[in-house]
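Next come the chains, spelled out residue by residue.
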Amino acid sequence: MISLPVPDASATAAPPRRKPQLVCPAGSLRALHMAVDAGADAVYLGLKDATNARNFAGLNFDDAQVREGVRYAHARGREVLMAVNTYAEARDPSPWWRAVDRAAELGADVLIAADVAVLAYAQQHQPQLRRHLSVQASATTYEAIEFYRERFGIRRAVLPRVLTLAQVQHIAAHTQAEIEVFGFGSLCVMVEGRCALSSYVTGQSPNTAGVCSPPSHVRWQEKADGVEARLGEVLIDRYAADEPRGYPTLCKGRFHVNGERDYALEEPTSLNTLAMLPQLVDAGVAAVKIEGRQRSPSYVAEVTRVWRAAIDHAAAATRYAVQPAWSAQLSRWAEGQQHTLGAYERAWR
Amino acid sequence: MMNVHSLPQAAAPRFGLTVGPLQYWWPRQATWDFYAQVADSAADTVVLGEVVCSRRHEIRFEDWLALAAELKAHGKTVVLATMALLAGEPELRSLRRVCEQGDYAVEAGDASALALLSRLHAQGARLPFVIGPHVNVYNQPALQQLAPLGASCWVPPLELALDAVACINPPHAPVQGAGGAVATEIFGFGRMPLAFSARCFTARHYRLKKDACEYRCRDDADGLLLSTTEGDPFIVLNGIQTQSAALHCLIGERDAMAAAGASRVRLSPCSGSFGRVLQLFDAVLNAGASASDARAELATLGLPGALVNGFAHRQPGLREVAA
């Protein structure tokens with residue numbers, strides 16, 4: 001039997017309290033401009049193809065747009081993070097290598113990646129480009145994060161939205177990598193990078209195609225007793241004529257379990273961690289990420305503005321409290337008009 | 001001069017049969033009975049251990065080790081699996097215990113396990129490890145990164161098509177791992193683990209908290225079925241894991257799996273008729289029995305769901321495609 005040393009917290013502790021970077025989504029150049037103007041410290045974006053996890057029609061950037069986005073952000077002292085965070089296709093991984101090269105050539109500050117093949121390529125061919133571990137890598141422990149740091153030189157890891165606050169604190173205290181957490185946005189109830197439900201139904205998944213429950217597979221059908229929303233062949237939800245309808249993301253539908261019809265996996269809700277921002281800051285979290293590259297530029301601007309104020313407040317004020325105006329603003333943009341602390345709170349335990 | 005026609009035909013290589021880790025919480029006696037049956041079966045390898053939820057204490061680590069010893073005595077190769085989703089220090093402690101025992105190879109369920117196993121390999125650990133299906137290897141360079149850390153076998157992600165598997169670990173130029181070529185083991189039978197969450201869906205269904213779940217997943221030997229509003233079986237809730245309601249079944253894909261470089265097939269336990277499932281796979285894969293006859297019999301065994309194979313053919317996983 002061989003014994004492994006348990007990492008010593010004091011030897012690997014992250015640096016002390018600092019103001020976390022506010023990282024905001026840019027699905028378009030307009031969203032990028034608005035995020036920067038609203039106070040984002042960094043924006044993240046992806047190319048117009050399957051190399052990123054928000055591969056939606058009409059979204060994302062071509063080379064000229066990335067160049068312009070980088071110019072705009074850099075002129076104001078902000079950073080641009082490029083997500084190449086799907087898994088390279090076995091039959092032809094070259095678009096992923098090319099995406100890494102483009103990130104470097106177009107002046108991005110950071111590459112966000114999940115696939116060890118993409119990380120290794122970047123490490124070898126674009127070593128000067130800072131590497132962040134994408135949430136799609138599902139690194140949920142400090143051992144996992146240290147694995148990516150030691151082998152692939154990642155400087156920061158984005159944590160999956162499945163950990164409690166105590167677990168986030170524990171991870172931050174035991175890794176030399178910076179920690180980024182999700183602050184606000186659409187809630188994925190499954191561990192990112194570990195969900196093949198979408199490919200089970202449609203053949204396309206976040207890992208392989210950068211999409212979940214893709215619009216190309218959605219069908220709405222008017223029936224005598226209401227409206228049916230299908231994904232591929234599967235009935236995800238059926239709405240009465242007067243019921244509000246949601247996009248049929250497959251884990252957010254209503255299904256029968258033991259004869260009971262309910263949201264068996266997840267109700268449509270949004271993650272909102274404003275209330276625990278001071279604890280996240282105290283834990284040494286290096287960055288707070290806003291989800292929503294697929295959302296409108298107005299969403300990006302307003303949510304960024306609220307979080308800018310909240311982070312500044314949390315870092316400066318000794319007594320932090322969520323301002324009613326912030327909550328009211330965010331509620332306008334929350335999916336299903338409900339907020340949850342998600343896994344961060346005990347209710348999921 | 002030798003008559004070429006009298007030469008024995010090169011025997012088709014035997015497919016190794018692996019019994020995958022038990023995904024459900026079965027009563028102790030049911031678990032023991034299941035593995036007693038496996039001990040006398042055609043299975044070559046048995047993967048043991050709790051892979052879904054650390055709250056399941058019915059079978060403890062020591063019990064798995066005792067089972068491992070029994071199965072080894074029956075000539076089986078035993079692999080100990082680690083959990084797919086780890087979240088805190090207690091789970092890391094369990095992981096260390098699995099990785100640090102030196103008697104059985106370990107199957108990595110996530111990158112935390114890769115971290116420990118690669119460190120042990122660098123320190124001279126004797127046994128290679130298995131890259132489990134929940135480690136995201138989707139292309140050859142990824143396998144080339146991980147295999148040299150000490151792997152001898154790779155189980156591709158469930159959603160990966162056979163043509164992709166062939167590109168990643170080609171039969172004629174396999175990726176090299178610890179001590180030679182990496183074997184490919186295809187998930188070939190059973191309900192498919194499709195997703196993991198921090199939330200326990202079984203507890204949620206019963207309006208219970210995860211920390212006080214009353215271990216209700218014990219009530220459903222093959223998971224808790226979720227059907228669509230029009231009554232079609234869709235997925236299965238198994239604690240924090242979500243599975244397909246249908247069973248992946250590649251009994252008709254013998255040649256396609258061989259062409260993709262697979263030398264082993266994984267069968268995932270279900271509560272009934274599993275012994276017969278093993279016999280049928282062995283007969284078809286290794287003794288030339290008819291796949292269509294075997295598949296027809298499988299459909300009569302009262303298995304918990306329909307048989308599908310879409311993922312193998314780059315189709316939605318819930319589809320059944322003519323092999």
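Residues numbered from 1 in each chain as written. Chains lettered and ligands numbered in written order. Predicted model: local features only at pLDDT ≥ 70, side-chain atom pairs only at ≥ 80, totals over all residues.

## Points about the overall build of chain B
Operational definition: Numbering of helices and strands runs from the N terminus; a helix is a DSSP stretch of H or I covering at least four residues, while a strand is a stretch of E covering at least two. It is over C-alpha atoms that the radius of gyration is taken, and the globule rule equals 2.2 Å times the number of residues to the power 0.38. Exposure classes come from backbone-placed C-beta atoms, where a residue is buried if 20 or more other C-beta atoms lie within 10 Å of its own, exposed if 12 or fewer do, and partly exposed in between.
Within chain B one finds ten helices and 14 strands. A compact globule built from 323 residues would reach a C-alpha radius of gyration of about 20 Å, and chain B, at 19 Å, matches this within 12%. Projected onto its principal axes, the C-alpha positions of chain B cover 75 × 55 × 35 Å. Every one of the 323 residues in chain B was classed for burial, and the buried ones make up 57%.

## Here we look at the overall build of chain A
Worth spelling out the cut-off: The contact criterion used here is simple: two residues whose C-beta atoms, placed from the backbone, lie within 7 Å are in contact.
Looking only at helices and strands, chain A has twelve helices and 16 strands in total. For chain A, whose C-alpha radius of gyration is 20 Å, the value lies close to the compact-globule estimate of 20 Å for 349 residues. Taken along the three principal axes of its C-alpha coordinates, chain A extends 65 × 55 × 50 Å. Looking at chain A as a whole, 55% of its 349 residues qualify as buried. Considering only intrachain contacts with a sequence separation of at least 6, the fraction spanning at least 24 residues in chain A is 64%.

## Some details on unusual backbone geometry
One non-glycine residue, Ser-138 of chain A, lies in the positive phi region at around 50 degrees. Relative to the helices and strands, Ser-138 of chain A resides in the loop between strand E5 (130–133) and helix H6 (142–152). For Ser-138 of chain A, a count of 26 C-beta atoms within 10 Å gives the class buried. In this structure, Ser-273 of chain B takes a positive phi of about 65 degrees despite not being glycine.

## Re the domain arrangement of chain A
Residues and elements named next belong to chain A. Rule in force here: Start and end points for every domain follow an automatic or database-based domain assignment. For this classification, the nonpolar set comprises Ala, Val, Leu, Ile, Met, Phe, Trp, Tyr, Cys and Pro, the charged set comprises Asp, Glu, Lys and Arg, and every other residue, Gly included, is treated as polar.
Looking at the assigned domains, one finds that chain A contains domain 1 (9–187 + 269–348) and domain 2 (198–262). Tallying the contact residues gives ten residues for domain 1 and seven residues for domain 2. Of the residues belonging to the side of domain 1 that touches domain 2, the class tally is four nonpolar, five polar and one charged.

## Concerning the sheet that holds strand E9 (residues 218–223) of chain A
All names here are of chain A. Filter applied, for reference: Whether two strands pair depends on DSSP finding at least two bridges between them. Helix axes are fitted only over the stretch in contact, all axes being lines through C-alpha atoms; the angle between N-to-C directions runs from 0 to 180 degrees.
Taking strand neighbours across the sheet as the criterion, the three strands line up as E9-E10-E11 in an open arrangement whose pairing is antiparallel. Strands at the two margins of the open sheet, each flanked by one partner only, are E9 and strand E11 (234–239). Across the sheet, the mean angle from the axis of one strand to that of its neighbour is 25 degrees, orientation sign disregarded. Taken together, the six bridges between E9 and strand E10 (residues 226–231) define a ladder with antiparallel strand orientation.

## Quick notes on the environment of Gly-153 of chain A
Residues and elements named next belong to chain A. You can see Gly-153 is positioned in the loop between H6 and strand E6 (156–158). Overall, the presence of 15 C-beta atoms within 10 Å leaves Gly-153 in the partly exposed class. Expressed as a C-alpha distance, the spacing of Gly-153 and Ala-103, which sit 50 residues apart in the sequence, is 17 Å. Sequence-distant contacts of Gly-153, defined by excluding residues within four places in its chain, comprise Gln-123 and Arg-131.

## Some thoughts on the nonpolar core
Note the threshold: Note on terminology: a nonpolar core is a set of buried residues of type Ala, Val, Leu, Ile, Met, Phe, Trp, Tyr or Cys, with members joined through C-beta atoms within 7 Å.
If you look at the biggest cluster of nonpolar residues, it comprises 221 residues, and the most contacted ones within it are Ala-35 and Val-43 of chain A. In terms of residue count, the dominant contributor to this core is helix H11 (residues 297–316) of chain A (eight residues). The residue makeup of this core includes at least three contributed by each of domain 1 (9–187 + 269–348) and domain 2 (198–262) of chain A. Ignoring any residue separated from it by four or fewer positions in sequence, one finds Ala-35 of chain A in contact with Cys-24, Ala-26, Ala-40, Val-43, Val-300, Ala-301 and Thr-304 of chain A. Listed in part, the five residues of the second largest apolar core include Leu-22, Tyr-24, Trp-25 and Trp-26 of chain B.

## Overview of H6 of chain A
Judged by how many residues are buried, H6 of chain A sits mostly within the fold: eight of eleven residues are covered. Restricting attention to buried positions, one finds in H6 of chain A the residues Tyr-142, Glu-143, Ala-144, Ile-145, Glu-146, Phe-147, Tyr-148 and Arg-149 of chain A. Among the structural elements, E5, E6 and helix H7 (165–174) of chain A together with helix H3 (89–100) and helix H4 (111–122) of chain B are those in contact with the buried residues of H6 of chain A. Backbone geometry just downstream of H6 of chain A places Gly-153 of chain A in the positive-phi region, at approximately 60 degrees.

## Digging into the interface of chain B and chain A
Often, the extent of an interface is quoted as the loss of accessible area on bringing the components together. Between chain B and chain A, the residue contacts involve 60 residues of the former and 57 residues of the latter. It is H4 of chain B that provides the largest number of residues to the side of chain B that touches chain A, a total of seven residues. Of the residues in the side of chain B that touches chain A, the class split is 29 nonpolar, 19 polar and twelve charged. As paired elements, strand E8 (residues 190–195) of chain A and strand E9 (residues 183–197) of chain B share two bridges and run antiparallel to each other. Its bridge partner lying in E9 of chain B, Met-190 of chain A is registered against Ser-197 of chain B.

## With respect to helix H5 (residues 116–125) of chain A
Among all positions of H5 of chain A, only Val-116, Ala-117, Val-118, Leu-119, Tyr-121 and Ala-122 of chain A are buried. Looking at the packing, one finds that the buried side of H5 of chain A touches strand E3 (79–84), helix H4 (94–105), strand E4 (110–113), E5 and H6 of chain A together with helix H5 (140–146) of chain B.

## A closer look at the confidence of the model for chain B
Convention followed: How sure the predictor is of each residue is captured by pLDDT, a score from 0 to 100.
When pLDDT is averaged across chain B, the result is 94; 96% of the residues are at 70 or more. Both confidence scores are given for the complex: pTM 0.93, ipTM 0.94.

## Description of the confidence of the model for chain A
Summing up the model confidence of chain A, the mean pLDDT is 89 and the portion of residues at 70 or higher is 90%. Here residues 9–16 of chain A scores under 50 on pLDDT; set against residues more than four positions off or in separate chains, the count is twelve contacts.

## Structural notes on the environment of Cys-167 of chain B
Along the chain, Cys-167 of chain B turns up in helix H6 (residues 162–168). By C-beta crowding, Cys-167 of chain B is classed as partly exposed, having 18 other C-beta atoms within 10 Å. Separated by 134 residues in the primary sequence, Cys-167 of chain B and Asp-33 of chain B have C-alpha atoms spaced 40 Å apart. Sequence-distant contacts of Cys-167 of chain B, defined by excluding residues within four places in its chain, comprise Ala-90 and Arg-91 of chain A together with Gln-140 of chain B.

## Notes on the pairing of strand E2 (residues 45–48) of chain B
Residues and elements named next belong to chain B. Stated precisely, the cut-off is as follows: Orient the strands so they point away from the viewer; a crossover is then right-handed if the path from the first strand over the helix to the second runs clockwise.
Burial of the side chains of E2 extends over both faces: Thr-45 and Val-47 are buried on one face and Val-46 and Leu-48 on the other. A crossover connection joins strand E1 (residues 16–19) to the parallel E2 through helix H1 (residues 28–39); in handedness this β-α-β unit is right-handed. Two elements, E2 and strand E3 (residues 77–81), share four bridges in a ladder whose sense is parallel. When the bridges of E3 are listed, Val-46 appears paired with Val-78. Handedness of the β-α-β unit built from E2, helix H2 (residues 61–73) and E3 comes out right-handed.

## Side note on the packing of H4 of chain A against H5 of chain A
All names here are of chain A. In plain terms, the rule: Oblique is the label for any angle not under 35 degrees, not over 145, and not in the 65 to 115 range, which are roughly parallel, roughly antiparallel and roughly perpendicular in turn. Each crossing gets its handedness from the near helix: less than a right angle anticlockwise from the far helix is left-handed, clockwise is right-handed.
As a packed pair, H4 and H5 sit with axes 10 Å apart at the nearest point and diverge in direction by 45 degrees. Put simply, H4 runs oblique to H5. Considering how the two elements wind past one another, H4 and H5 form a crossing that is right-handed. Contact residues: Trp-96, Trp-97, Val-100 and Asp-101 in H4; Val-118, Tyr-121, Ala-122 and His-125 in H5.

## Considering the pairing of strand E6 (residues 151–154) of chain B
Residues and elements named next belong to chain B. Bridge analysis of strand E5 (residues 129–131) against E6 gives three bridges, and the strand direction is parallel. Directly across from Phe-129, in E6, lies its bridge partner Ala-151. Where the polypeptide runs from E5 across H5 and back to E6, its parallel neighbour, the crossover connection is right-handed.

## Let's talk about the environment of Ala-334 of chain A
All names here are of chain A. Here Ala-334 lies in the loop between helix H12 (324–333) and strand E16 (339–340). Accessibility expressed as a C-beta count within 10 Å gives 21 for Ala-334, which makes it buried. Expressed as a C-alpha distance, the spacing of Ala-334 and Ser-205, which sit 129 residues apart in the sequence, is 24 Å.

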